[in-house]
Amino acid sequence: MDEGGARIRRRVRVRRRSRPSLGSVCAAPTAAELEPGDEEEEGEEKETVVGSRREKPVEVEPAQNNDSEEDMFGDYDSFAGNSFLAQVDDLEQQYMQVPQLRKHASDLTIEDLCSGSIKHNKLSITTVGNFTESKVDEHTKNQSRHKDVFIEPEPDLLYDVPSSQVLYFENLQKSSNDLGDQSTKEKDWNSSSHKTGNEELPQNSTEHHQQIDDPCSKVGTSSEENRRKSLKEHLKSAMTGNAKAQTPVFSRTKQLKETLLSEEINVAKKAIESSSDDLGPFYSLPSKVRDLYVQFKGIEKLYEWQHTCLTLNSVQERKNLIYSLPTSGGKTLVAEILMLQELLCRRRDVLMILPYVAIVQEKISALSSFGIELGFFVEEYAGSKGKFPPIKRREKKSLYIATIEKGNSLVNSLIETGRISSLGLVVVDELHMIGEGSRGAILEMTLAKVLYTSKTTQIIGMSATLNNVEDLQKFLQAEYYTSQFRPVELKEYLKINDAIYEVDSKAENGMTFSRLLNCQYSNTLKKMDPDHLVALATEVIPNYSCLVFCPTKKNCENVAEMICRFLSKQYLKHREKEKHEVIKNLKNISSGNLCPILKRTIPFGVAYHHSGLTSDERKLLEEAYSTGVLCLFTCTSTLAAGVNLPARRVILRAPYVAKEFLKRNQYKQMIGRAGRAGIDSIGESILILQEKDKQQIATNLDDIYHFMCGTFFGVQQKILLQEKSLWDITIESLRYLTEKGLLQKDTIDKPKEEIQYSFHITKLGRASFKGTIDLAYCDILYRDLKKGLEGLVLESLLHLIYLTTPYDMASHCDPDWMIYFRQFSQLSPAEQNVAALLGVSENFIGKKASGQPIKKKVDKDIVNRLYLSFVLYTLLKEANIWSVSEKFNMPRGYIQSLLTGAASFSSCVLHFCEELEEFWVYRALLVELTKKLTYCVKAELIPLMEVTGVLEGRAKQLYNAGYKSLTHLANANPEVLIRTIDHLSRSQAKQMVSSAKMLLHEKAEALQEEVEELLRLPSDFPSIAASSEKA
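Note that the coordinates shown come from a computational prediction; the quantities given were computed from them, not determined experimentally. Per chain, residue numbering runs from 1 following the sequence as it is written. Thresholds applied to this predicted model are a pLDDT of at least 70 for local features of residues and 80 or more for the giving and counting of side-chain atom pairs; totals over whole chains, interfaces and linings are not thresholded and use all residues. As a rule here, side-chain values cover all heavy atoms of the structure and leave hydrogens and water aside.

### Focus: the overall build of the protein chain
And step 1. Secondary structure counts use DSSP, requiring at least four H or I residues in a row for a helix and at least two E residues in a row for a strand, with both numbered from the N terminus. The helix and strand inventory of the protein chain stands at 48 helices and 19 strands.
And step 2. In this description, accessible areas are obtained by the Shrake-Rupley approach with a 1.4 Å probe, and a residue is regarded as covered only by the protein chains that are shown. Accessible surface for the protein chain amounts to roughly 51600 Å². Of this, 50% is attributable to carbon and sulfur atoms.

### Observations regarding the side chain of Ser324
And step 1. With respect to the helices and strands, the residue Ser324 is situated in strand S1 (residues 320–324).
And step 2. Excluding anything up to four places from it in sequence, Ser324 contacts Ser463, Ala464, Leu466, Tyr480, Tyr481, Thr482 and Ser483. In this description, contact between two residues means that some pair of their heavy atoms is separated by no more than 4.5 Å.

### Some remarks on the sheet that holds strand S6 (residues 458–463)
And step 1. One open sheet accounts for seven strands, arranged S3-S4-S2-S5-S6-S1-S7; its pairing is parallel. The strands lining the two open edges of the sheet, one partner per strand, are strand S3 (377–381) and strand S7 (478–482). Sheet twist, expressed as the average angle between the axes of neighbouring strands with direction ignored, equals 15°.
And step 2. Strand pairing follows a simple DSSP-based rule, namely that at least 2 bridges must link the two strands. Of the strand pairs in this sheet, strand S2 (residues 349–353) and strand S4 (residues 398–402) are connected by four bridges, and their pairing is parallel. Pairing of Leu351 across the sheet is with Tyr400, part of S4. Axis definition: a line fitted to C-alpha atoms, over the contacting stretch in the case of helices. Angles run 0 to 180 degrees between N-to-C directions.

### As for the pairing of S3
And step 1. Think of it in three bands: residues with accessible area under 20% of the maximum for their type are buried, residues over 50% are exposed, and the middle band is partly exposed, with areas taken using a 1.4 Å probe on protein chains only. Burial within S3 is extensive, with five of its five residues counted as buried.
And step 2. Taking every second residue as pointing to the same face, both faces of S3 are buried, with Phe377, Glu379 and Tyr381 on one and Val378 and Glu380 on the other.
And step 3. With five bridges connecting them, S3 and S4 associate as parallel partners. Bridge pairing links Tyr381 to Ala402 in S4.

### Looking at the environment of Ala537
And step 1. Along the chain, Ala537 turns up in helix H22 (residues 533–538).
And step 2. With relative accessibility at 1%, the residue Ala537 sits in the buried group.
And step 3. A sequence separation of 112 residues divides Ala537 from Arg649, and the C-alpha atoms of the two residues are 8.2 Å apart.
And step 4. Aside from chain neighbours lying at most four places away, what touches Ala537 is Leu632 and Ile651.

### Quick word on the pattern of salt bridges
When the charged atoms of two side chains with opposite charge come close together, those side chains can pair.
And step 1. Salt bridge, as applied in this entry: a Lys or Arg side-chain nitrogen positioned within 4 Å of an Asp or Glu carboxyl oxygen. This model, assessed by the stated rule, comprises 28 salt bridges.
And step 2. For Lys740, the salt bridge is made with Asp779, and the minimal N-O distance between the two is 3.2 Å. Taken together, the positions of Lys740 in the loop between helix H31 (726–739) and strand S18 (743–748) and Asp779 in helix H33 (residues 778–790) put the pair 39 residues apart, joining distant regions of the chain.
And step 3. Exposure remark for Asp779: the relative accessible area of 30% places this residue in the partly exposed category.
And step 4. Its salt-bridge partner being Glu915, residue Lys770 comes within 3.0 Å of it at the nearest N-O pair. One end of the pair, Lys770, is in helix H32 (residues 763–771); the other, Glu915, is in the loop between helix H41 (892–914) and helix H42 (920–935), and 145 residues separate them in sequence.

### A word on the environment of Ala624
And step 1. Its place among the elements puts Ala624 in helix H27 (residues 615–626).
And step 2. A C-alpha to C-alpha distance of 8.7 Å links Ala624 and Glu578, two positions 46 residues apart in sequence.

### Quick notes on unusual backbone geometry
And step 1. A cis amide bond links Phe388 with the next residue in sequence, Pro389, at an omega value of -10°.
And step 2. Within the secondary structure, Pro389 is located in the loop between S3 and S4.
And step 3. Phi is positive for Ser284, close to 65°, though the residue is something other than glycine.
And step 4. Counting through the fold element by element, Ser284 comes out in the loop between helix H12 (252–273) and helix H13 (287–297).
And step 5. Looking at Ser284, the relative accessible area reads 4%, which means it is buried.

### Considering the sheet that holds strand S8 (residues 489–496)
And step 1. Pairing in this open sheet of eight strands is mixed, and the strands run S10-S9-S8-S17-S14-S11-S13-S12 from one edge to the other. Since the sheet does not close on itself, it has two edges, and those belong to strand S10 (511–516) and strand S12 (606–609), each with one partner. Strand-to-strand, the axes of this sheet are offset by a mean angle of 25°, without reference to chain direction.
And step 2. Two elements, strand S9 (residues 499–503) and S10, share five bridges in a ladder whose sense is antiparallel. If you follow Ile500 over to S10, its bridge partner there is Arg515.

### Concerning the pairing of S12
And step 1. Residues of S12 alternate between two faces, with Val606 and Tyr608 on one and Ala607 and His609 on the opposite face, all of them buried.
And step 2. Here four bridges tie S12 to strand S13 (residues 632–635), and the two strands are oriented parallel to one another. Paired with Val606 across the bridge in S13 is Leu632.
And step 3. At this point the chain moves from S12, through H27, to the parallel S13, and the crossover so formed is right-handed. With the strands pointing away from the viewer, any crossover whose connection runs clockwise from the first strand over the helix to the second is right-handed.

### Considerations on the packing of H13 against helix H16 (residues 331–345)
And step 1. One can describe the packing of H13 onto H16 by two numbers: an axis separation of 13 Å at closest approach and a directional angle of 135°. When the axes of H13 and H16 are compared, the pair comes out oblique. Our pair here, H13 against H16, has a crossing hand that is right-handed. Of the residues in H16, those in contact with Val289, Tyr293 and Lys297 of H13 are Leu333, Glu336, Ile337, Leu340 and Leu344. Angle categories: roughly parallel below 35 degrees, roughly antiparallel above 145, roughly perpendicular from 65 to 115, and oblique for all the rest. By the definition used in this description, the sense in which the near helix is turned from the far one sets the handedness, with an anticlockwise turn below a right angle giving left-handed and a clockwise turn giving right-handed.

### Quick notes on H13
And step 1. Of the residues making up H13, those classed as buried are Ser287, Val289, Leu292 and Tyr293.
And step 2. Following H13 by one or two positions, Gly298 adopts a phi angle in the positive range, close to 70°.

### Overview of the side chain of Asn320
And step 1. Locating Asn320 in the fold gives a position in strand S1.
And step 2. We define a polar contact as two N or O atoms separated by no more than 3.5 Å, with the added condition that, inside protein, one atom must be a possible hydrogen donor and the other a possible acceptor, whereas residues neighbouring each other in sequence contribute only through side-chain atom pairs. A polar contact is formed between the side chain of Asn320 and the backbone nitrogen of Ile459, at a distance of 2.9 Å.
And step 3. Those residues in contact with Asn320 that lie beyond four places of it in its chain are Leu451, Thr457, Gln458, Ile459, Leu476, Gln477, Ala478 and Glu479.

### Overview of the confidence of the model for the protein chain
And step 1. Looking at the protein chain, the pLDDT average stands at 75 and 69% of residues meet or exceed 70.
And step 2. Put simply, helix H8 (residues 202–207) is where the protein chain has its lowest mean pLDDT, 41, and S2 is where it has its highest, 96.
And step 3. You can read pLDDT as the predictor saying how much it trusts each residue, on a scale of 0 to 100. Across residues 1–83, where pLDDT falls below 50, the model places 142 contacts with residues more than four positions away in sequence or in other chains.

### Things to note about the packing of aromatic side chains
And step 1. Think of it this way: a Phe, Tyr or Trp ring, Trp meaning its six-membered ring, pairs with another when their centres are within 6.5 Å, and the plane angle makes it stacked under 30 degrees, edge-to-face over 60, tilted otherwise. Under the defined criterion, the tally for this structure stands at 21 aromatic pairs.
And step 2. Where Phe919 meets Tyr922, the ring centres are 5.8 Å apart and the plane angle is 65°; that geometry is what we call edge-to-face. Assigned by exposure class, Phe919 and Tyr922 land together as buried.
And step 3. Of the aromatic side chains, those joined through ring pairs into one cluster are Trp817, Tyr820, Phe824, Phe844, Tyr867, Phe870 and Phe888.
And step 4. Any Lys NZ or Arg CZ found within 6 Å of a ring centre and within 35 degrees of that ring's normal is scored as a charge over the ring. Directly above the ring of Tyr959 sits Lys964, whose terminal nitrogen or CZ lies 5.2 Å from the centroid.

### A short note on the packing of helix H36 (residues 817–825) against helix H39 (residues 860–878)
And step 1. Where H36 meets H39, the closest approach of the two axes is 11 Å, and the angle between their N-to-C directions is 65°. In terms of crossing hand, the pair formed by H36 and H39 is left-handed. Contact with H36, carried on its side by Trp817, Ile819, Tyr820, Gln823 and Phe824, involves Val863, Leu866, Tyr867, Phe870 and Thr874 of H39 and no other residues of that element.

### Quick notes on the state of the cysteines
And step 1. Cysteine sulfur atoms that come within 2.5 Å of each other are treated as a disulfide pair. A complete count under the given rule lists zero disulfides for this structure.
And step 2. In this structure Cys550 is not part of a disulfide, and its nearest cysteine sulfur, from Cys556, lies 4.3 Å away.
And step 3. Residue Cys550 is classed as buried on the basis of its relative accessible area, which comes to 5%.

### What about the environment of Leu764?
And step 1. With respect to the helices and strands, the residue Leu764 is situated in helix H32.
And step 2. Along the sequence, Leu764 and Leu742 sit 22 residues apart, while their C-alpha atoms lie 5.7 Å from each other.
And step 3. Dropping the residues within four chain positions of it, Leu764 is found in contact with Lys740, Gly741, Leu742, Cys778, Tyr782, Phe912 and Leu916.

### Some remarks on helix H44 (residues 952–960)
And step 1. Along H44, the residues classified as buried are Gly953, Arg954, Ala955 and Leu958.
And step 2. On its buried side, H44 packs onto helix H25 (576–589), H27, helix H43 (942–945), helix H45 (966–970), helix H46 (974–980) and helix H47 (986–1015).
And step 3. One or two steps after H44, the chain reaches Gly962, where phi turns positive at roughly 105°.

### Concerning a nonpolar patch on the surface
And step 1. A contiguous nonpolar surface patch, about 350 Å² in accessible area, is contributed by Val1011, Leu1014 and Leu1015.
And step 2. Along the chain, Val1011 falls in helix H47.
And step 3. In this structure Val1011 comes out as partly exposed when scored by relative accessible area, which is 44%. A patch consists of residues whose relative accessible area exceeds 30% and which take part in no salt bridge; residues with like charges are grouped when within 9 Å of each other, and nonpolar side chains (Val, Leu, Ile, Met, Phe, Trp, Tyr) when within 5 Å.

What follows is the structure in structure tokens.
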């Protein structure tokens, strides 16, 4: 065996020089494959077959693709036509066919092979594939009588195989031996087969015994166990290094891609820093970004205006920018490219401010995939979500996507911690909202603070409707870009009586006659539908989609019912099964409940859409509309600024929003839903008018003052308040804040100079700032929390819920006194004690319910707030929005808005209490309450609800399907999810998995950074300080 081992080692060393044809295996028919009566013929056939196989040219099939990139073949052409991998795969497949029986023929096969090689002084080789083909008929015939006998690869056969493959075959052999226990009868039969073969072979094996001392003869005469052992020992001793080598577990392809991406990012950084006009592979971004846009969004080429905007000098120089285009023009894509430049090339964080929670969640889902592929975090700041200050990351950067209020809180926390300079870019969508009430004021203050505190932070604002651009430019110190480009043509029409006019700015009165509405209405239909909504809608549905904007929520429901009443029964047959599925899903997510109006309208493909629906209902209806199952929505103006729901035709029921006349920017937002790119070829908007509406279409005081001059209000002050100067307004505002206890005024006496004043923020002011509490309520909140400490009732959640019920919603509440009294009488003694502490008695509620006069004064806001607390308390106990809606006679959408508002306000109160030491007791209590209010579901569903876009109904589906944690969902296969979860599209499945992965990465990164922080040597470590002092 030692001599044989030396020969094997010598062959391994010289195999590249003297190797025969690769990928071939010698084979010969064995006795086990023949009929018992054919033993005499075997001797004659054997020599002929071996000789013919030696002379026959070898044919090798083309190799299959192989994912592994380990170079196991040295100079061999491992991926060429005679692919070694393909042949090894063939060996493996043949090997696995009958693993439990192949050991019974191994000795016989080796003797056959050895005799052939000795006789011709070389190894006779033929391909496994050819052997299989030549023997397939005989194998099939003998299969009924005997078990298949497979030829085992031996040292001479595998001398040219890489070590890792040799070890693989050895392991395969061992595992098959363990499973090879056969009956005694089978063992006897096999041993007899071995004997027969051994009697016939010596003639060939002794003919050239003196010429070649091949180890095969020794192996053939030794036992099978010793043969395996010696083979193993020789191979290990000959190829020690290779045998111990292991294939890396990672893919070299993935490594190369990551290296390439890193190199491209470095090149992009240099391109951005230089003044060159060369913008790199994709606007100073790696080519992978372009590929991802093709993969995820199907965007292969940018519009001409987008290219122009991205190549503006002001953009290259990182100046602030405002750009305005019609809805559907592709504004968001420009902002996304600029955000990716900041994240990947300049390595700074980005804040994107959006107007509504639904749009934030939509954007989170869309960008999570980019974050995972390109290595940055996407963090949600909406409702009660968001960490203040945000986690400071060392390696990866973060894209914060926030609502207006949360964006303000985020900027506040960054300023407070001195990290505002880490924010490289702030993007504001729907910039026109800066002029809308209190939310506009918050947005203005956010931008003013960024402008004042960080000179290196770029601000990008975009909108479809901007009126006072010059004022905004001055406020933001920004360049302006605009274009009238719209990928889909939008035609605007006005309808007055039966006539339809096209809006034409060139015409004398702004419109030209288009056509008369051709419709035949009965007298009943004329009374029910005087605006001809049915006729206008049926011109496009069901093949195309239609949106009907109504002034009020109630009007939405009435119009949906009215339209369905006069639609023909043919509309019931359009995608009938899918509409039944929508109704079924609506029932499932609402615990068997279904709105009677939706039950009647959905079979016709019609539904209403407004804030009275729950989030689950809205999401499900939006999905059905997007896929064409529903073809008509009656909706309020909130849909125009919400999620992307385009239509072929948009009808404005009246030029009013509630009782207020329609503003120009609201009108533009609504008609912008018509004809979205990639969905429709044309868009139409029709505004229905009455004759009466026709004409109506159309730190020291100086520093503080300097800051006020830089605000948008400062720019417009002369127009808004002509009777007062900005200085006077600044003085009044400071006096108001001082009276509220938020600021404290200090007097500074300076010699030979007049008296100066400086202001510093109080603890209450800092807490209000940290919690983003409305200044109108901050002192009331402080008083309520202070009073709560005197007798905080913890036997139930009612007292805590009252403290986190939003003040602004309480002021608009109108309680049903009979329901109020009924709920009050059902309270436990501890809960009644809460009401007594607040000053609300059962006697007072009873008198209000019975209509009796009340002499004692009770604070109306407290009474209303307690009523809303009852609603929230009942909802947390029952967790069924339908039953609570019925119990309190309130729209379920309003109840959900109340729940969302309470969760957000609870988070604000928590941050407020963190700044005031006296309220330490509230901190732990409010953390858990905020979670309960945020999700309002069973505890096991909360991990799934953390994923953006997963609401209660979807969370239940996922949990029932076995996806019970964030880790489960992050590792899920989207294709499997589609088959497992009802009513789940491919894009939604991918977005869910991406969002779950992003959350998991964030948590893992946070833990890793915490570990690094704990293990890092403190900078003020005594030994370091001592050594520096000595030096």
